[in-house]
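Chain and residue survey
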Amino acid sequence: MSDRPALLAQALAQAKQAMQISDPNPRVGCVIAAANGTLLGQGHTQAAGQAHAEVMALRDAAARGQSVQGATAYVTLEPCSHHGRTGPCCDALIAAGIAKVVATNADPNPLVAGQGFARLRAAGVEVELLAPEHPLAVRSRELNIGFFSRMLRKTPWVRLKVAASLDGKTALPNGASQWITSPQARADGHAWRARASAILTGIGTVLSDKPRLDVRLVQTPRQPHLVVVDSALQTPLDSPIFMPGRKLFIYAAMENAAKADALSAQGAKVIYLPGKQVDGSATGKVDLVALLHDLGQREINELHVEAGHKLNGSLLREGLVDELLVYLAPKLMGQGADMAHFGPLTELAQALPLTFESTAMVGPDLRILARFGKRGDF
């Protein structure tokens, strides 16, 4: 159908409306159209436990007084086939009389993984799936890159955000860092925070900057969870990171029952994940690999890192970062803190290779999104 790309693009636009509300479920959009391309209904995934995109589109069609019998549903992900927080979407489409489903991607969730398509076909519904390299398939995967990561790798998609001067400094030698980049860049950074499942930082940042690490500069219906790497449980009980209604996970390496109880009383969840040396001795540091797997089990799709050069360096050194989100201000600072501390390298071949995904001006600053292929390829 000649209008298929336009209808799929419209479904993708619907999916984007679920950006800040569907977590931990994927961001999915659905458009239902008649054979002549007339729009009958559309919708996107709601908050977890509420209606998925297909059901919202069916409700929209009903509200418009439109029959969907024999219509085509254009969806940005395979309709689910299992009973989770809600019933199977493929059953809802079948019951409504949908004749065809066109999808941009199969669902990577092992509980679905083609079973939704099989169920539709078994009921006589025609199914068409875009090729993985199709631009709309790529765009819808990118929209759900954290969900795909969690389903396929069992760990979140890790995005490390840095604000720096053009010569790569994130703070002066005396620690001053507010503000290197512009208000526009800070607001843009909050938009990236808002799309994440959780924000990760280290105890150094908690102690030195006394941050809130919430979303304030853009509208959001929810606050991402906060994750703190705090090996020795040094988090102050009066820290601004404690916020009503926001989940706070503190990962530690050294047990301190009294402090853990006090932090728990403040609403934090304390998790011990001590790292080990090759000989089995304790490192005194949190096992970052285990941390990511634990967050995957806690349904964290996208992990947005805003930390200091030490934790940044540790994540990069262990190959745990998927992409960098860097804001460069048009200024030079000379000496100061670097983006990340790792190495030293002895030859250029050891440098960590990146691919520039996009660049854009945000106010006076340059935003760079760069990706590590070894982590980004599913």
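1. Observations regarding the sheet that holds strand β15 (residues 323-329)
If you trace the nine strands from one edge of the open sheet to the other, you get β11-β10-β9-β8-β14-β6-β15-β18-β17, paired in mixed fashion. The outermost strands of the open sheet, each flanked by one partner alone, are β11 (268-272) and β17 (355-362). Between one strand axis and the next, the sheet turns by 20 degrees as a mean value, whatever way the strands run. As paired elements, strand β8 (residues 198-202) and strand β9 (residues 225-229) share five bridges and run parallel to each other. Across the sheet, the residue bridging to isoleucine 199 is leucine 226, located in β9.

2. Quick notes on the packing of helix α1 (residues 4-16) against helix α5 (residues 135-143)
Interaxial distance between α1 and α5 falls to 11 Å at its minimum, and their mutual angle equals 5 degrees. Judged by the angle between their axes, α1 and α5 are roughly parallel. Across from Pro5, Leu8, Ala9, Leu12, Ala15 and Lys16 in α1, the residues of α5 making contact are Leu136, Arg139, Ser140 and Leu143. When grouped by side-chain class, the residues that make up the contact of α1 with α5 number seven nonpolar, one polar and two charged.

3. Considering empty space enclosed by the protein
According to the stated counting rule, one finds one cavity of 30 Å³ or more in the structure shown. The computed volume of the largest cavity comes to approximately 50 Å³. Every residue lining the largest cavity is listed: Asp23, Asn25, Pro26, Arg27, Leu143, Asn144, Ile145, Gly146, Phe147, Asn301 and Glu302. Element by element, the count of residues in the lining of the largest cavity is highest for helix α6 (residues 145-153), at three residues.

4. A closer look at the pairing of β11
Note that strand β10 (residues 248-252) and β11 share five bridges and pair parallel. Paired with phenylalanine 249 across the bridge in β11 is lysine 269. Between the parallel pair β10 and β11, the chain is carried across by helix α9 (residues 257-265), and the sense of this crossover is right-handed.

5. Remarks on the nonpolar core
Counting 33 residues, the largest nonpolar core has Leu200, Val227, Tyr251, Leu291, Leu303, Leu315 and Val321 as the members making the most contacts within it. Sequence-distant contacts of tyrosine 251, defined by excluding residues within four places in its chain, comprise Val227, Val228, Val229, Asp230, Ser231, Ile271, Leu273, Val286, Leu291, Asp294, Leu295 and Arg298. Listed in part, the 25 residues of the second largest apolar core include Cys30, Ala57, Ala71 and Ala103.

6. Considerations on unusual backbone geometry
Here the residue pair glutamine 178 and tryptophan 179 is connected by a cis peptide bond, since its omega of 0 degrees sits within 30 degrees of zero. On the secondary structure map, tryptophan 179 appears in the loop between β7 (169-171) and α7 (183-195). With an omega of 5 degrees, the peptide bond between glycine 343 and proline 344 qualifies as cis. With a phi angle near 55 degrees, leucine 233 is a residue other than glycine that sits in the positive phi range. As for its position among the elements, leucine 233 is in the loop between β9 and β10.

What counts, and at which threshold
- Residues numbered from 1 in each chain as written.
- Predicted model: local features only at pLDDT ≥ 70, side-chain atom pairs only at ≥ 80, totals over all residues.
- Heavy atoms only, no water.
- Pairing = 2+ DSSP bridges.
- Helix = DSSP H or I, 4+ residues; strand = E, 2+ residues; numbered from the N terminus.
- Axes fitted to C-alpha atoms, helices over the stretch in contact; angles between N-to-C directions.
- Parallel < 35°, antiparallel > 145°, perpendicular 65-115°, else oblique.
- Contact = heavy atoms within 4.5 Å.
- Nonpolar A, V, L, I, M, F, W, Y, C, P; charged D, E, K, R; others polar.
- 1 Å grid on protein atoms, 1.4 Å probe; cavity = no way out; pocket = protein on both sides within 12 Å on 5 of 7 lines; lining within 4 Å.
- Points joined across faces, edges and corners; volume = space filled by probe spheres on them.
- Right-handed = clockwise from strand over helix to strand, strands pointing away.
- Core = buried A, V, L, I, M, F, W, Y, C linked by side-chain atoms within 4.5 Å.
- Buried < 20%, exposed > 50% of the residue type's maximum accessible area, 1.4 Å probe, protein only.

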